[in-house]
Amino acid sequence: HCDIFLYTNNLTVVPKNPRSLESGAHASNVTDAYLLVADNDDVEDHIVIESMESFYSKRGEVLNRTRKNFHRDWGECCVSHDNMIKQWNSIEGAWNLMRAHEKKIQSVP
């Protein structure tokens, strides 16, 4: 048995990013992620698909500040830069899911 935790953004198209050779033409169906945990009874504890509106609400200040001050270190502004911030957000989100799940299973007698 292996627990899978996923925290991702709800994107319908892979963003165009010439730096990583992403054309922006590929459709994305993030709900396919639920197939990874189809046998779990507690899917909502393992997968979060965050809306872009929620992401920008949480991370908009960081995006704006780092775009202005630091993007030159990471390539042309702003696709790669924004993707990196999304990645950091997803890592934190997955970590929080794992910690919440750990607390949940530890509380079961």
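To be clear, the structure that these remarks concern was listed above.
Residues numbered from 1 in each chain as written. Predicted model: local features only at pLDDT ≥ 70, side-chain atom pairs only at ≥ 80, totals over all residues. Heavy atoms only, no water.

J.: Hey, could you go over the side chain of E50 for me, with residue numbers and the actual values?
T.: Positionally, E50 belongs in strand β2 (residues 47-50). On the basis of relative accessibility, which here comes to 5%, the residue E50 falls in the buried class. Here the side chain of E50 touches N89 through a polar contact of 2.9 Å, side chain to side chain. Apart from the residues lying within four places of it in its own chain, the contact partners of E50 are Y7, T8, N9, N10, F55, K58 and N89. (Helix = DSSP H or I, 4+ residues; strand = E, 2+ residues; numbered from the N terminus. Buried < 20%, exposed > 50% of the residue type's maximum accessible area, 1.4 Å probe, protein only. Polar contact = N/O pair within 3.5 Å; in protein donor to acceptor, adjacent residues only side chain to side chain. Contact = heavy atoms within 4.5 Å.)

J.: Please set out the pairing of strand β1 (residues 6-9) residue by residue, giving values where relevant.
T.: Of the two faces of β1, only the one carrying Y7 and N9 is buried; L6 and T8 on the other face are not. Across 4 bridges, the pairing between β1 and β2 is parallel. Within β2, the residue paired with N9 across the bridge is E50. (Pairing = 2+ DSSP bridges.)

J.: Run through the side chain of K86, naming residues and quoting values.
T.: Take K86: it is sitting in helix α2 (residues 79-106). Look at K86: it is buried, it has no salt bridge, and the nearest opposite charge is D82 at 5.9 Å. Not counting residues up to four positions away in its chain, the partners in contact with K86 are N9, M52, F55 and Y56. (Lys, Arg positive; Asp, Glu negative; His and termini not counted. Salt bridge = Lys/Arg side-chain N within 4 Å of Asp/Glu carboxyl O.)

All quantities given are derived from atomic positions and should not be read as evidence of function.
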